[in-house]
Each structure stands twice: as C-alpha cells, then as structure tokens.
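# Chain and residue survey
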Amino acid sequence: MVTDAALIDSYRHGDATALGQLMARHKGSLMGFFTRRVGDDAEELHQELWTKVERNLDRYRDDGRFRAFLFAAARRLTIDHHRRRSARPLLVSCETVPAGSCEPDDLAGYRELADAVEKTLGEMNPNTAAVVRLRLTEQLTFAEIAELRGQPLNTVLSYMHRGLKQLRCELDARGIARMEP
C-alpha cells in the first residue's frame, strides 16, 4: 500500500491523481467525524477541508502524522462552522439510525443513552469533552489526540480518565449501563 507521504510527494511532483487517492483513503473517517458534528453539512465541510489541504499541502512537513494533520484541520473547520451557526456539535445523533434497523424500544434506549452522554459531555470541562469525543467517536489513538490538540500524552490520558469517570457516574445514576474500562 502506498503511504500518505508517498502520495503527498507524488502530488507535489505533478500527479493530480495522488490527491484523489488521499481523499478516498481518508473519506470514511473524515465524513464520520463531520457527520457526527455537523449532520447535513458534513459533505460541504469535507470539500472545504480538502480545498484547504490542497492549497496548503506544500507547507505540510511529512512527520508521519498526516491523519492527525487532517483531523486537526477538520476540528478547526467544525469549530468555525459551529461558531458561525451558534450550535454545539453532537456526539451521537439517533436520527441517523436507518428506519427499521432496530426495534422501537432499542431506539428509545439509544436516545436515552445519547441524551445522557451528550448532557454529561456538555457539563464537562471543554478539554475533557474534546478528548472523550475524539477517542470514542473517531477512535483516534491517544498519541493522535495529543498531537491533534498539541498537548502532552499524559494530559490527554488524564482528560480521558476524568471524562470516563464522569460518564460512568451519570450512566450509573440514570441506571442506563455500566461502562467497563
């Protein structure tokens, strides 16, 4: 498999298809990131992201962290989007569950869980909530989160520990579920 670094190098040397390959490689995870945060505006932000990446790719210094570079840019776009719209990003959206894919009782349970998680994230320290969201929704590694946020790894781990503790307390208080470490 061709690495991101090799595709970037190819693009810099005139291979226009290399950018398309990068886009295709990262589309699923980026669209998931955007969809969970901006819903119907996800495709627009995805296109805006790649326009910015293309414009600034010559300034990217290959350090083996292109994915973290993309998610940092995606995070900034999402923040700007919400500032413009004065809205708060959501971790989970039950409306995206396809009709007929689960029983009504299951959907109600998902909604109750989503509400509890979203309420707890909204009450957390913003740094803690951001780390929990990146870990649980994007499945980024702690090292990637640390790079993305420009924070030491131990700080990110501390935020995650505190965030999970708060989520456990809220879910236990509501009698919803016990999160295992």
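Just above sits the structure.
In short, a report on the structure. (Residues numbered from 1 in each chain as written. Predicted model: local features only at pLDDT ≥ 70, side-chain atom pairs only at ≥ 80, totals over all residues. Heavy atoms only, no water.)

On to the packing of helix H6 (residues 126–138) against helix H8 (residues 153–174). Running from amino to carboxyl end, H6 crosses H8 at an angle of 90°, the nearest separation of the two axes being 8 Å. By the angle between their directions, the pair H6 and H8 is classed as roughly perpendicular. Counting all contacts with H6, which are made through Asn127, Thr128, Val131, Val132, Arg135 and Leu136, the residues of H8 involved are Val156, Tyr159, Met160, Arg162, Gly163, Gln166 and Leu167. Here the contact of H6 with H8 is built from residues that sort into 7 nonpolar, 4 polar and 2 charged. (Axes fitted to C-alpha atoms, helices over the stretch in contact; angles between N-to-C directions. Helix = DSSP H or I, 4+ residues; strand = E, 2+ residues; numbered from the N terminus. Parallel < 35°, antiparallel > 145°, perpendicular 65-115°, else oblique. Contact = heavy atoms within 4.5 Å. Nonpolar A, V, L, I, M, F, W, Y, C, P; charged D, E, K, R; others polar.)

For the structure shown, the criterion picks out 7 salt bridges. Residue Glu170 pairs with Arg174 through a salt bridge whose shortest N-O separation is 2.6 Å. Of this pair, Glu170 and Arg174 are both found in helix H8, 4 residues apart, which corresponds to roughly one turn of the helix. Residue Arg174 is classed as partly exposed on the basis of its relative accessible area of 34%. (Salt bridge = Lys/Arg side-chain N within 4 Å of Asp/Glu carboxyl O. Buried < 20%, exposed > 50% of the residue type's maximum accessible area, 1.4 Å probe, protein only.)

A separate point is the packing of aromatic side chains. Under the criterion given, the structure shown has 5 aromatic pairs. Taken together, a centroid distance of 5.3 Å and an interplanar angle of 75° make the contact between Tyr60 and Phe66 edge-to-face. On the basis of relative accessibility, which here comes to 5%, the residue Tyr60 falls in the buried class. Put simply, the rings of Phe33, Phe34 and Phe71 touch in pairs and so form one group of aromatic residues. (Phe/Tyr/Trp six-rings, centres within 6.5 Å; stacked < 30°, edge-to-face > 60°.)

Once that is clear, we can look at the environment of Ala116. Inspection of the secondary structure puts Ala116 in helix H5 (residues 104–123). Through-space distance from the C-alpha of Ala116 to that of Ile176 is 8.8 Å; in sequence the pair is 60 residues apart. Leaving out residues up to four positions away in the same chain, Ala116 has contacts with Glu170, Leu171, Arg174 and Ile176.

Residues spaced three or four apart along an α-helix point in a common direction, a consequence of the helix completing one turn every 3.6 residues. End to end, H6 covers 17 Å across 13 residues, agreeing with the expected 18 Å (1.5 Å per residue, within 8%). For H6, the complete set of buried residues consists of Thr128, Ala129, Ala130, Val131, Val132, Arg133, Leu134, Thr137 and Glu138. Residue Asn125 occupies the N-cap position of H6, its side-chain oxygen lying 2.6 Å from the main-chain nitrogen of Asn127. Where H6 ends, the next residue or the one after it, Gln139, has phi of about 55°, a positive value. (Expected span 1.5 Å × (residues − 1). Polar contact = N/O pair within 3.5 Å; in protein donor to acceptor, adjacent residues only side chain to side chain.)

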